[in-house]
Amino acid sequence: AQRVTQPEKLLSVFKGAPVELKCNYSYSGSPELFWYVQYSRQRLQLLLRHISRESIKGFTADLNKGETSFHLKKPFAQEEDSAMYYCALRIQGAQKLVFGQGTRLTINP
Amino acid sequence: GAGVSQSPSNKVTEKGKDVELRCDPISGHTALYWYRQSLGQGLEFLIYFQGNSAPDKSGLPSDRFSAERTGGSVSTLTIQRTQQEDSAVYLCASSPRPGLNTDTQYFGPGTRLTVL
């Protein structure tokens, strides 16, 4: 079965430090990978998707099919990046998203 | 424009009672999804609607759970004979272009269900 693993439940870094949120997936086909973010008291929203290959709010993520990973990175963390981050997978022919357990990122001043 | 809305925002019920959760998708979105967010389980898919039909019900955890969508718009998730393990935040999402890799799911604020 398809699975998304986010090994860190909690991640804490200082403002200005680099951030990397890890995501690994298990799926033998061609996946679509996403990062969703949920800020405090806000609804879950799309941050970025791998096919767009764009940087959103300074975050980037590269799909590595060899390592089956889609890690989220930002070179210089900001306090407003504190949130819950979910990695998600959509398999070919399906519409549902398979989510990881989420990582709570805290940026310390 | 208005986003996905859900009601009620909070629901407390007693074990064994039935509950109905409502979702109003973004106008014009043909696809609608229900997910459940519970402690220790993360976000789990429940059911997907395309129009009024549900081609994927694979995430419904038991036959106590059912959902319907009418008029290609509003959806209701019904949980019969609620159990304490049903306590969770139930999220609804809608999307405009299912099947395209540019499709995006937009989430509602959720309904927090507590079963006592």
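Residues numbered from 1 in each chain as written. Chains lettered and ligands numbered in written order. Predicted model: local features only at pLDDT ≥ 70, side-chain atom pairs only at ≥ 80, totals over all residues. Heavy atoms only, no water.

A. Region of interest: the overall build of chain B. Broken down by element type, chain B carries 0 helices and 11 strands. Counted from the first residue to the last, chain B has its helices and strands arranged as β-β-β-β-β-β-β-β-β-β-β. Taking 2.2 N^0.38 as the reference for a compact globule, 116 residues should give roughly 13 Å; the C-alpha atoms of chain B span a radius of gyration of 14 Å, in line with that estimate. C-alpha extents for chain B along the principal axes are approximately 40 × 30 × 30 Å. Every one of the 116 residues in chain B was classed for burial, and the buried ones make up 46%. (Helix = DSSP H or I, 4+ residues; strand = E, 2+ residues; numbered from the N terminus. Rg over C-alpha atoms; globule rule 2.2 N^0.38 Å. Buried < 20%, exposed > 50% of the residue type's maximum accessible area, 1.4 Å probe, protein only.)

B. Region of interest: the environment of cysteine 23 of chain B. All names here are of chain B. Tracing the chain through its elements places cysteine 23 in strand E3 (residues 19-24). Judged by its relative accessible area of 0%, cysteine 23 is buried. Measuring from C-alpha to C-alpha, the distance between cysteine 23 and tyrosine 33 comes to 9.5 Å, with 10 residues separating the pair along the chain. Ignoring any residue separated from it by four or fewer positions in sequence, one finds cysteine 23 in contact with Val4, Ser5, Leu32, Trp34, Val74, Ser75 and Cys92. (Contact = heavy atoms within 4.5 Å.)

C. A look at the interface of chain A and chain B. With 17 residues of chain A at the interface, the matching set in chain B holds 24 residues. Between chain A and chain B, roughly 1,600 Å² of surface is buried when both sides are summed, and carbon and sulfur atoms account for 49% of that area. Of all residues in chain A, Arg43, Gln95 and Lys96 of chain A bury the most surface against chain B, accounting for 36% of the area lost on that side. Our count for the chain A to chain B interface comes out at 0 salt bridges. Put simply, the parts of the chain that give the side of chain A that touches chain B at least two residues each are strand E5 (32-38), strand E6 (45-49) and strand E9 (83-90) of chain A. With 4 residues, E5 of chain A is the largest single contributor of residues to the side of chain A that touches chain B. Across the side of chain A that touches chain B, the residue classes break down as 8 nonpolar, 4 polar and 5 charged. (Buried area = accessible area lost by both parts, 1.4 Å probe. Salt bridge = Lys/Arg side-chain N within 4 Å of Asp/Glu carboxyl O. Nonpolar A, V, L, I, M, F, W, Y, C, P; charged D, E, K, R; others polar.)

D. Up close: unusual backbone geometry. At the junction of serine 7 of chain B and proline 8 of chain B, the peptide bond is cis and its omega measures out at -10 degrees in the coordinates. Even without a glycine there, the phi angle at threonine 68 of chain A is positive, about 45 degrees. Of note, threonine 68 of chain A is situated in the loop between strand E7 (60-61) and strand E8 (72-74). Its relative accessible area of 27% is what places threonine 68 of chain A among the partly exposed residues. Of note, the phi angle at arginine 81 of chain B is positive, near 45 degrees, even though the residue is not glycine. Along the chain, arginine 81 of chain B falls in the loop between strand E8 (75-79) and strand E9 (88-95). Take arginine 81 of chain B: its relative accessible area is 41%, and that puts it in the partly exposed class.

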